[in-house]
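Working through the structure, step by step
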Amino acid sequence: MEQANPLRPDGESKGGVLAHLERLETQVSRSRKQSEELQSLQAQEGALGTKIHKLRHLRDELRAALWHRRGNVKACIANVEPNRTVEVNEEEALEEKLENVKAVLQAYHFTGLSGKLTSRGVCVCINTAFEGNLLDSYFVDLVIQKPLRIHHHSVPVFIPLEEIAAKYLQTNIQHFLFSLCEYLNAYSGRKYQADRLQSDFAALLTGPLQRNPLCNLLSFTYKLDPGGQSFLFCARLLYKDLTATLPTDVTVTCQGGEALSTSWEEQRASHETLFCTKPLHQVFASFARREKLDESGLLIDCFHCTGNTSAK
Amino acid sequence: MDETVAEFIKRTILKIPMNELTTILKAWDFLSENQLQTVNFRQRKESVVQHLIHLCEEKRASLNDAALLDIIYTQFHQHQKVWDVFQMSKGPGEDVDLFDMKQFKNSFKKILQRALKNVTVSFRETEENAIWIRIAWGTQYTKPNQYKPTYVVYYPQTPYAFKSSSTLRRNTPLLGQALTIASKHHQIVKMDLRSRYLDSLKAIVFKQYNQTFETHNSTTPLQERSLGLDINMDSRIIHENKVEKERVQRITQETFGDYSQPQLEFAQYKLETKFKSDLNGSILAEREEPLRCLIKFSSPHLLEALKSLAPAALFSRIQKLLCYSASHSQGTQDPSSYIPLYPRC
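To keep things clear, this report deals only with the structure shown in the data block. Here the structure is a predicted model, which means the values were calculated and not measured.

1. Remarks on the sheet that holds strand β6 (residues 187–195) of chain B
Residue and element names in this part refer to chain B. Strand order in the open sheet made by the 6 strands is β2-β3-β4-β5-β1-β6, with antiparallel pairing throughout. A strand with exactly one partner marks an edge of an open sheet, and here the two such strands are β2 (119–125) and β6. Strand-to-strand, the axes of this sheet are offset by a mean angle of 25 degrees, without reference to chain direction. In terms of strand pairing, strand β3 (residues 131–137) meets strand β4 (residues 150–154) through 5 bridges, oriented antiparallel. Each residue of the ladder has a partner; that of I135, found in β4, is T150.

2. Concerning the interface of chain B and chain A
If you look at the interface, chain B gives 24 residues, while chain A gives 30 residues. The largest share of the area that chain B buries against chain A comes from B:F213, B:E214 and B:H216, three residues that together contribute 27% of it. Counting across the interface, chain B meets chain A through 2 salt bridges. Put simply, A:E162 and B:K207 hold a salt bridge, and the shortest N to O gap is 3.5 Å. The tally of links between chain B and chain A comes to 5 residue pairs in polar contact (both at pLDDT 80 or more).

3. A few points about helix α6 (residues 101–115) of chain B
All names here are of chain B. Helix length check: α6 (15 residues) gives 22 Å between terminal C-alpha atoms against 21 Å at 1.5 Å per residue, within 8%. Turning to α6, its buried residues are M101, F104, F108, I111 and L112. The buried residues of α6 occupy one face: seen down the axis, they fall within an arc of 105 degrees. Along α6, the residues that are exposed and aim more than 90 degrees away from the buried face are K102 and R114. Residues of α6 that are buried in the fold lie against β2, β3, β4 and α7 (172–182).

4. Concerning helix α2 (residues 161–169) of chain A
Residues and elements named next belong to chain A. Buried within α2 are the following residues: L161, I164, A165 and L169. Here the buried residues of α2 occupy an arc of 100 degrees about the axis, which is enough to place them on one side. α2 presents E162, E163, A166 and K167 as exposed residues on the side facing more than 90 degrees away from its buried surface. Of the surrounding elements, those touching the buried residues of α2 are β3 (133–143), β4 (149–153) and α3 (173–200).

5. Regarding the packing of aromatic side chains
All names here are of chain A. As enumerated under the stated definition, the model contains 25 aromatic pairs over all chains in all. Where Y222 meets F233, the ring centres are 5.4 Å apart and the plane angle is 25 degrees; that geometry is what we call stacked. With a gap of 11 residues between them, Y222 in strand β5 (residues 217–223) and F233 in strand β6 (residues 232–238) connect regions that are remote in the sequence. Judged by relative accessible area, F233 falls into the buried class, the value being 0%. Note on F275 and F284: the rings are 6.1 Å apart at their centroids and 40 degrees apart in plane angle, and the pair reads as tilted. Residue classification places F275 among the buried positions, given a relative accessible area of 1%.

Conventions and cut-offs
- Residues numbered from 1 in each chain as written.
- Chains lettered and ligands numbered in written order.
- Predicted model: local features only at pLDDT ≥ 70, side-chain atom pairs only at ≥ 80, totals over all residues.
- Heavy atoms only, no water.
- Pairing = 2+ DSSP bridges.
- Helix = DSSP H or I, 4+ residues; strand = E, 2+ residues; numbered from the N terminus.
- Axes fitted to C-alpha atoms, helices over the stretch in contact; angles between N-to-C directions.
- Contact = heavy atoms within 4.5 Å.
- Buried area = accessible area lost by both parts, 1.4 Å probe.
- Salt bridge = Lys/Arg side-chain N within 4 Å of Asp/Glu carboxyl O.
- Polar contact = N/O pair within 3.5 Å; in protein donor to acceptor, adjacent residues only side chain to side chain.
- Expected span 1.5 Å × (residues − 1).
- Buried < 20%, exposed > 50% of the residue type's maximum accessible area, 1.4 Å probe, protein only.
- Arc of directions from axis to C-beta.
- Phe/Tyr/Trp six-rings, centres within 6.5 Å; stacked < 30°, edge-to-face > 60°.

See below:
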């Protein structure tokens, strides 16, 4: 190792010292820079740190506000809900009332005469019935104007609607409706009797039932017992009163035209009375029962007879 | 079986299209099920016809049976004929109509047979309370011509009868008389209604063209018809005459309704009117007597055509014309009574 020689020339030691000083200077400036950088970094770090704090604080505030709001809304809902259920109940009650009213209006059909308001008047519905059986319905759509007129209807063509309207429609509408009801109910009743005779007692009829559209003229031949030989009766029923369900004229004859024994003559006369006083199918029902009575020979069936003839 | 009868049945069956043959034969109910089953309907038509004639011969078909087959064929092909409408009337204070079908048939036949010795009359009742009458006309010296019959459809206990228009017009008065007397009426008048469509004539004459009624049972509310003014149209477009359009729409709706219209082919109105003129001294205006005119509307489906005029905005003009003719026609029956669909003015 070279010892520093004090007797060396200055150049070498100066170069050494100056260079040493330079090195020290750069060292200092470097460390100064570093410390400056460090400081700025620290400052930045500090700033960011405070920013983070601020943001966290803000976040917490917002969260708190949110919870608060939700809490409010829930409270509101809790307040509102009892009101809503009340509304729903009212609505249900109204609907129920509406259904009731509708049902009542529909049930009016059973009174036989009902109606519904239309945009230009009223649509009247006539529901016919006979002996507790509900039969066909007919409609008349009236236009309320001066003069009152029928717009359209479903009344059959052979019912004298125009005649009845000409008589009563303008002056007394109630009378018009009741008169029409009478005609239609009577027609329905006659039709019902004829239909029942054809369907239920075909065994007692020996030929087709002759009828006309209004069912006011019926002509048929029948016998009293379905199987065996008995006299054939010819019946001709005229219903001259179109508002009635019972005939006005009845003619019963025995086929063959020979003179009848008194018992058959009595029967014939009794049949005439029966047809005049009782509905057609009931008369035939009594014929059928009488047959059973003859066959069985028991008196018990009498109770059925009397029981039914008294009930109308 | 008579040769003429055989020929008649053969020609009738030949007219029937193959797809309707079994239905019509069943409705005829002359050949039994067993007999019909022996026929092979898949053959050529001539062979089928031959077989059927053979079966009819076996069963000894009469002229009446043949006439019945002809009636059934016509019932299935109603629109091949043109139908006129006749209205009968009774005297005032007449008794209740106690219609007896047997009596009517006998009476009708007797009247025709008394007047013309040679005439074939056949009847067939339908379920809708109508009676179809077929008349084949002959004269004192010639046999009835079975190929040009007249058909009458009468609805008992109503004043209406429908008659197929035929070329043999000279028999119409006799036919009218027979119908009137047999049905116990006094008078018969021909109405100014004519159509191929019997159902439409029935609908008009019996006023049964609209069979929908409002009741409390119906759940579908009456729909509001769109005015034809589309919702898709630009809202900036305003219809100046919207009120008028709505009025026309409403009147059309009330007059024609929502149902399908009876099929009328033409409507004719007699009109007596005076000529109006602004010029004084016009020859036509000075006429004392009113001018008599005949207005005729014709179309394949007249009422639908009129109904569709409403959107075309011609409706008000037609309406005015009809009202005018209704109020001014004198000496003829009120046309609004034939077509009771139009609003009274």
